[in-house]
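Listed below are the residues making up each chain.
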Amino acid sequence: MSIQNIMVIGAGQMGAGIAQVCAQSGFQVKLNDLSQDALDKGIKGIEKRLARAVEKGRMSEQDQNDTLNRLSTTTSLQDSNDCDLVIEAVVENMDVKTKVFSELDQHAPKHAILASNTSSLPITEIAAVTERADQVIGMHFMNPVPVMKLVEIIRGLQTSDETYKAIEDMTKQLDKNPVEVNDFPGFVSNRVLMPMINEAIYTVYEGVAEPEAVDEVMKLGMNHPMGPLTLADFIGLDTCLYIMEVLHDGFGDSKYRPCPLLRQYVKAGWLGKKSGRGFYKYEG
């Protein structure tokens, strides 16, 4: 099928980034969120990133203007009625996501593919609330979306080959690298990454080393561009905790048990960079 019109649901960091790369690649994009304030903030972020790209010579002013002209905003899911693809990028919560997909199933055209940017939740369960389970798929973009090349493409139990091929081709149009993954908790990226972050948190919890030392070991010794605790702060400690809980519940294996210190930080409101405090302190 031909994908031309796209709706992205959620104007936060991930959703706005997805909308940006889709518009840059020539697709007509509607960015959706519950409030106009959230949409305005999302668009402002896109404008700032595009302006920076022009300043650095990575994009022409014409391409910048064309990209912004392909973007529009809406607070109504009913506006998905002319879309070929809808990409959901709302909070990582199954109840919220299934509610969105159930409503989308009523408004989006029968041919439309419904995709989720979930980082850990089962696509099969999300698809089950629709009448088009064969047209539901996972598109897990990496953060920051405009920079990172990987997109995990997750097949649900009923995802058709036609749906997979359409999303694989579309992902390549975004100048991203699609990697096929089956529907297991955490997929590949977070099944590998989050236990590593959790173990790094345990080393702090048990007094093995300070956060700075843990990060230096992983950067200098393992050649990681960013230490695991800095990365956790960037992702959001609440998100890290939620994904660890999904892994723990999904596999029933104690190796995925979230570190008590991670729970404590989240309860304290120390969520990382977005709250100004996590394993490190942030200003502004």
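Quick caveat: nothing in here was measured; it's all calculated off a predicted structure.

## A short note on the overall build of the chain
Looking only at helices and strands, the chain has eleven helices and eight strands in total. Computed over its C-alpha atoms, the radius of gyration of the chain comes to 19 Å, within 12% of the 19 Å expected for a compact globule of 284 residues. Here the C-alpha coordinates of the chain stretch approximately 55 × 45 × 35 Å along the principal axes. Split into buried and exposed, the 284 residues of the chain put 50% on the buried side.

## Considerations on the sheet that holds strand S5 (residues 113-116)
Ordered by their spatial adjacency, eight strands build an open sheet running S3-S2-S1-S4-S5-S6-S7-S8, and the pairing between neighbours is mixed. In this open sheet, the two strands that pair with only one neighbour each are strand S3 (71-74) and strand S8 (177-182). The mean angle between the axes of side-by-side strands here comes to 25 degrees, regardless of whether they run parallel or antiparallel. Relative to strand S6 (residues 136-141), S5 runs parallel, the two sharing three bridges. Its bridge partner being in S6, Ala115 is matched across the sheet by Ile137. Sheet strands touched by helix H1 (residues 13-24): strand S1 (5-9), strand S2 (28-32), S3, strand S4 (85-88) and S6. Its angle to S2, the strand with the most contacts, is close to 170 degrees.

## A word on the domain arrangement of the chain
When the domains of the chain are assigned, the result is domain 1 (5-182) and domain 2 (190-273). On a C-alpha basis, the centres of domain 1 and domain 2 stand 27 Å from each other. On the side of domain 2, five residues touch domain 1, which itself brings nine residues to the contact. Buried surface at the junction of domain 1 and domain 2, summed over both partners, amounts to about 570 Å²; 56% is from carbon and sulfur atoms. Of all residues in domain 1, the largest losses of buried area upon contact with domain 2 belong to Glu92, Ser119 and Ser120, amounting jointly to 52% of the total for that side. Taken together, the links from domain 1 to domain 2 amount to zero salt bridges. Seen at the junction of domain 1 and domain 2, the total is two residue pairs in polar contact (both at pLDDT 80 or more).

## Points about the UniProt feature "site: Important for catalytic activity" (unreviewed entry) in the chain
Feature annotation in UniProt assigns "site: Important for catalytic activity" (unreviewed entry) to the following positions: His140. Tracing the backbone through its elements, the reader meets His140 in strand S6. Leave out the neighbours within four places in its chain, and His140 touches Ser116, Asn117, Thr118, Ser119, Leu150, Val151, Glu152, Ile154, Phe187, Ser189 and Asn190. Reaching out from His140, the side chain makes a polar contact with the side chain of Glu152 at a distance of 2.8 Å.

## Description of a positive patch on the surface
Residues Lys44, Lys48, Arg52, Lys56 and Arg58 make up a contiguous surface patch of positive charge. Along the chain, the position of Arg58 falls in the loop between helix H2 (36-55) and helix H3 (61-69). Judged by relative accessible area, which is 60%, Arg58 ranks as exposed.

## Observations regarding the pattern of salt bridges
For side chains bearing opposite charge, pairing can occur when the charged atoms are close. Applying the stated rule across the entire model yields eleven salt bridges. As a salt-bridge pair, Glu88 and Lys97 come within 2.4 Å of each other at their nearest N and O atoms. Summarising the burial analysis for this pair, Glu88 and Lys97 share the class buried. Here Asp161 ties to Arg155 by a salt bridge, and the two come within 3.1 Å at their closest N and O atoms. Residue class for Arg155 comes out buried when judged on its relative accessible area of 17%. One network of salt bridges, in which partners are shared, links Glu88, Glu92 and Lys97.

What counts, and at which threshold
- Residues numbered from 1 in each chain as written.
- Predicted model: local features only at pLDDT ≥ 70, side-chain atom pairs only at ≥ 80, totals over all residues.
- Heavy atoms only, no water.
- Helix = DSSP H or I, 4+ residues; strand = E, 2+ residues; numbered from the N terminus.
- Rg over C-alpha atoms; globule rule 2.2 N^0.38 Å.
- Buried < 20%, exposed > 50% of the residue type's maximum accessible area, 1.4 Å probe, protein only.
- Pairing = 2+ DSSP bridges.
- Axes fitted to C-alpha atoms, helices over the stretch in contact; angles between N-to-C directions.
- Contact = heavy atoms within 4.5 Å.
- Domains from an automatic or database assignment.
- Buried area = accessible area lost by both parts, 1.4 Å probe.
- Salt bridge = Lys/Arg side-chain N within 4 Å of Asp/Glu carboxyl O.
- Polar contact = N/O pair within 3.5 Å; in protein donor to acceptor, adjacent residues only side chain to side chain.
- UniProt positions renumbered as here; feature names shortened; annotations may be inferred.
- Patch = residues over 30% accessible without salt bridge, like charges linked within 9 Å, V, L, I, M, F, W, Y side chains within 5 Å.
- Areas by Shrake-Rupley, 256 points an atom, 1.4 Å probe, with all protein chains shown as cover.
- Lys, Arg positive; Asp, Glu negative; His and termini not counted.
- Charge placed at Lys NZ, Arg CZ, Asp CG, Glu CD.

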